[in-house]
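Per-entry structural report
Chain by chain, the residues run as shown.
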Amino acid sequence: MRTVNIHEAKTHLSRLVRDAAAGEPFVIARAGKPLVKVIAVAAPDAGRSSRVGFLAGRIAVPDDFDRMGESEIEGMFADEP
């Protein structure tokens, strides 16, 4: 990850923000000491990936999934007033 000093960040802010929005985060430092990390708002959290579809092709959902156990569940509530 790129590190820039405060002066460079002020001078090239537009370019740095454009790069961060494109997925290239950077760190702003003062006297070589990191202060803040700039990342795109829409960027996923570090170390985390999207969970949607992560098992695609690995499992199969039966066509009657929404009716599985229907008779057993109905039997549990059949005697209710």
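First things first, this report covers the structure right here in the doc. Since we're looking at a predicted model, the values are computed, not measured.

1. What to know about unusual backbone geometry
Here Ala31, not a glycine, exhibits a phi torsion of approximately 55 degrees, which is positive. Looking at where Ala31 falls in the secondary structure, it is placed in the loop between strand 2 (26-30) and strand 3 (33-38).

2. As for the sheet that holds strand 1 (residues 2-5)
Hydrogen bonds along the backbone pair up the strands of a sheet, which may run parallel or antiparallel. The strand order 1-2-3 describes an open sheet built from three strands, whose pairing is mixed. This sheet does not close on itself; its edge strands, each paired only once, are strand 1 and strand 3. Geometrically, the sheet is characterised by an average inter-axis angle of 35 degrees between neighbouring strands, direction not taken into account.

3. Digging into a nonpolar patch on the surface
A cluster of nonpolar side chains, contributed by Phe54, Leu55, Ile59, Val61, Phe65 and Met68, occupies part of the molecular surface with about 610 Å² of accessible area. Within the fold, Phe65 resides in the loop between strand 3 and helix 3 (70-77). Its relative accessible area of 55% is what places Phe65 among the exposed residues.

Conventions and cut-offs
- Residues numbered from 1 in each chain as written.
- Predicted model: local features only at pLDDT ≥ 70, side-chain atom pairs only at ≥ 80, totals over all residues.
- Heavy atoms only, no water.
- Helix = DSSP H or I, 4+ residues; strand = E, 2+ residues; numbered from the N terminus.
- Pairing = 2+ DSSP bridges.
- Axes fitted to C-alpha atoms, helices over the stretch in contact; angles between N-to-C directions.
- Patch = residues over 30% accessible without salt bridge, like charges linked within 9 Å, V, L, I, M, F, W, Y side chains within 5 Å.
- Areas by Shrake-Rupley, 256 points an atom, 1.4 Å probe, with all protein chains shown as cover.
- Salt bridge = Lys/Arg side-chain N within 4 Å of Asp/Glu carboxyl O.
- Buried < 20%, exposed > 50% of the residue type's maximum accessible area, 1.4 Å probe, protein only.

Just geometry here; none of it tells us what the structure is for.
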